[in-house]
Structure formats: structure tokens, C-alpha cells
Amino acid sequence: MRSLTRLLLALSLGPLTLSATALHAASKELKVVSVTPAGDNIEAGGTQIVVSFDQKVISVGAAPSAVPVTIKPNLPCQWRWLNGTQLACNLAAKDAFKPASAYTITIHAGFKGQNGAIIARTLTQKFSTVRVRAELGDHFGRWLSPTRPSYRVSFNYPVTATQVAKYIAFQT
């Protein structure tokens, strides 16, 4: 008899428990877990930014509608959901991250999760790409004359002679 009473009690409280759980989940704030890339000295040439959330935002396979994320300087993102919790900005190779650039990603308040939870506060994250570095060889390349050495300088990214002339000077 006791088992029957417990079973009936469990069955009658079951929907109440589920409703309370659903209500708690719906009131939970949607949070950004991470934004990648992040930090300084990110390699230029990257073609993806990923925003990860702490809970499902959309059903898998659904196309992103209006995305409340801005990136400065503006990048021509092709937004795609990688799964229910990760939203990716995909870039064409020609639009990849530029060297020596700072990017600011803003996820605006109001972004809504699948269960109705919303991001309460706007979140901003920054990253910057590696700056162009000049590396002077260990020795002179050759002498152009008895008083004019030729230096060999290499760079970590492609540069033009005009860019080099603008930023590099020798002091005597």
C-alpha cells in the first residue's frame, strides 16, 4: 500500500517538478562563455570568430537570423551556427584578419536563447593581430662601397619597399 501511495504522490508531483525546472531555466540569464580569438598577438590571416554561449541559443541546422553582434573594424561575416551554442563569423580568405590590427567584438544585450533566456548586459571583447616585425641579419649583406654597407632585413609579413621606407630609418 505504501508503494502505491508513493507512486501516486510521485506521479502527481511530477508535472509540478518539471514546470518548476522549466520556469527556472527560462529565467536563467544567457551568458557568453568565450569569444575566440582573444588577446594580443593573434596570427593575421585568421578567417573565423566564434562566440560560445552557456546554453542552447538555436536548434541545430537553423540559419542565423539577425545577429546582434558587431565587429569593428567591420568584417563581412557569413554567420553560421556551428552547433546549438556556438555562433561563428566566417570570412573569405580575402577578408582575413589583417596584420597589426585591433578588432572589437560586441555582443549586444537582448540576444535570446532557445529557452527564452536573454543576455542582460552588452559584452565587448578585443583581440589584436601580430604587428609587422623587422629582423636585421647577424651581419651586413655586402658592401656597396667602402663606406656604404648593404643590410639584409627580413619581415614576418609581406611588405612593400614603400612601406619599409616610410617606417624604417638609420640613424648615424
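The coordinates are above.
Keep in mind it's a predicted model, so treat the numbers as computed, not measured.

Explain the sheet that holds strand E6 (residues 86-90) to me, and be specific about the residues and the numbers.
Each strand in a sheet pairs with its neighbour through backbone hydrogen bonds, running either in the same direction (parallel) or in the opposite one (antiparallel). Read from one edge to the other, the open sheet built from 4 strands follows the order E1-E3-E6-E5, with strand pairing classed as antiparallel. Looking along the sheet, the strands with just one partner apiece sit at the ends: strand E1 (32-36) and strand E5 (78-83). Averaged over all adjacent pairs, the angle separating strand axes in this sheet is 20°, with direction ignored. Of the pairings in the sheet, the one linking strand E3 (residues 48-53) to E6 comprises 5 bridges and is antiparallel in character. Considered in E6, the bridge of Val50 is made with Ala88.

How would you summarise the packing of aromatic side chains if you had to cite specific residues and measurements?
Scanning the model with the defined rule gives 5 aromatic pairs in all. Taking 6.2 Å as the distance between ring centres and 45° as the angle between the ring planes, the aromatic pair formed by Phe53 and Trp81 counts as tilted. With Phe53 in strand E3 and Trp81 in strand E5, this residue pair connects regions lying 28 residues apart in the sequence. The pair Phe53 / Trp81 is uniform in exposure class, with both members buried. Residues Tyr103 and Phe127 carry aromatic rings whose centres are separated by 5.1 Å and whose planes lie at 20° to one another, so their mutual orientation is stacked. Remark: Phe127 occurs in strand E8 (residues 123-129) and Tyr103 occurs in strand E7 (residues 102-107); sequence separation between them is 24 residues. Assigned by exposure class, Tyr103 and Phe127 land together as buried.

Hey, could you go over the state of the cysteines for me, with residue numbers and the actual values?
This model, assessed by the stated rule, comprises 1 disulfide. What pairs with Cys77 in a disulfide is Cys89, and their sulfur atoms sit 2.0 Å apart. Because the sign of the S-S torsion sets the handedness, a value of about -75° for the bond joining Cys77 and Cys89 places this disulfide among the left-handed ones. Highlighted residues: Cys77 in the loop between strand E4 (69-72) and E5 and Cys89 in strand E6, separated in sequence by 12 residues. The residues Cys77 and Cys89 share a single accessibility class, namely buried.

Outline the pairing of E6, supporting the account with residue identities and numerical values.
Note on strand geometry: in a regular strand, side chains alternate between the two faces of the sheet. Where E5 and E6 come together, 5 bridges link them in antiparallel fashion. From the neighbouring strand, Gln78 faces E6, where its bridge partner is Asn90. With antiparallel pairing between neighbouring strands as the criterion, E5 and E6 make up a hairpin whose turn holds 2 residues.

Explain a nonpolar patch on the surface to me, using residue names and the numbers behind them.
A grouping of Leu136, Tyr151, Val153, Tyr167, Ile168 and Phe170 is seen on the molecular surface, where their side chains present a nonpolar patch of about 630 Å² in accessible area. Given the relative accessible area of 52%, Leu136 is considered exposed.

Go over the nonpolar core with me, naming the residues and quoting the values.
In this structure, Ile49, Phe53, Ile71, Leu75, Ile105, Ile107 and Phe111 are the most contacted members of the largest nonpolar core, which totals 25 residues. For this core, the elements supplying multiple residues, two or more each, are E3, E4, E5, E6 and E7. Residues contacting Ile105, with those up to four places away along its chain left out, are Val35, Ile49, Val69, Thr70, Ile71, Leu123, Thr124, Gln125 and Phe127.

Before we move on, can you summarise the pattern of salt bridges with the specific residues and values?
Tallied over the entire structure, the rule returns 1 salt bridge. With a shortest N-O distance of 3.4 Å, Asp95 and Lys94 are connected by a salt bridge. Classification of Asp95 as buried rests on a relative accessible area of 18%. On the basis of relative accessible area, Lys94 is assigned to the exposed category, the value being 66%.

Mind laying out the sheet that holds E8, listing which residues take part and the relevant values?
Taken in spatial order, the 4 strands make up an open sheet running E2-E8-E7-E4, and their pairing is mixed. The sheet is open, and its two borders are formed by strand E2 (39-42) and E4, each paired with just one other strand. Put simply, the sheet's adjacent strands are angled 20° from each other on average, direction ignored. Pairing of E4 with E7, which is carried by 4 bridges, proceeds in the antiparallel orientation. Within the sheet, the bridge partner assigned to Val69 lies in E7 and is Ile107.

Scoring rules and cut-offs
Residues numbered from 1 in each chain as written. Predicted model: local features only at pLDDT ≥ 70, side-chain atom pairs only at ≥ 80, totals over all residues. Heavy atoms only, no water. Pairing = 2+ DSSP bridges. Helix = DSSP H or I, 4+ residues; strand = E, 2+ residues; numbered from the N terminus. Axes fitted to C-alpha atoms, helices over the stretch in contact; angles between N-to-C directions. Phe/Tyr/Trp six-rings, centres within 6.5 Å; stacked < 30°, edge-to-face > 60°. Buried < 20%, exposed > 50% of the residue type's maximum accessible area, 1.4 Å probe, protein only. Disulfide = S-S within 2.5 Å. Patch = residues over 30% accessible without salt bridge, like charges linked within 9 Å, V, L, I, M, F, W, Y side chains within 5 Å. Areas by Shrake-Rupley, 256 points an atom, 1.4 Å probe, with all protein chains shown as cover. Salt bridge = Lys/Arg side-chain N within 4 Å of Asp/Glu carboxyl O. Core = buried A, V, L, I, M, F, W, Y, C linked by side-chain atoms within 4.5 Å. Contact = heavy atoms within 4.5 Å.

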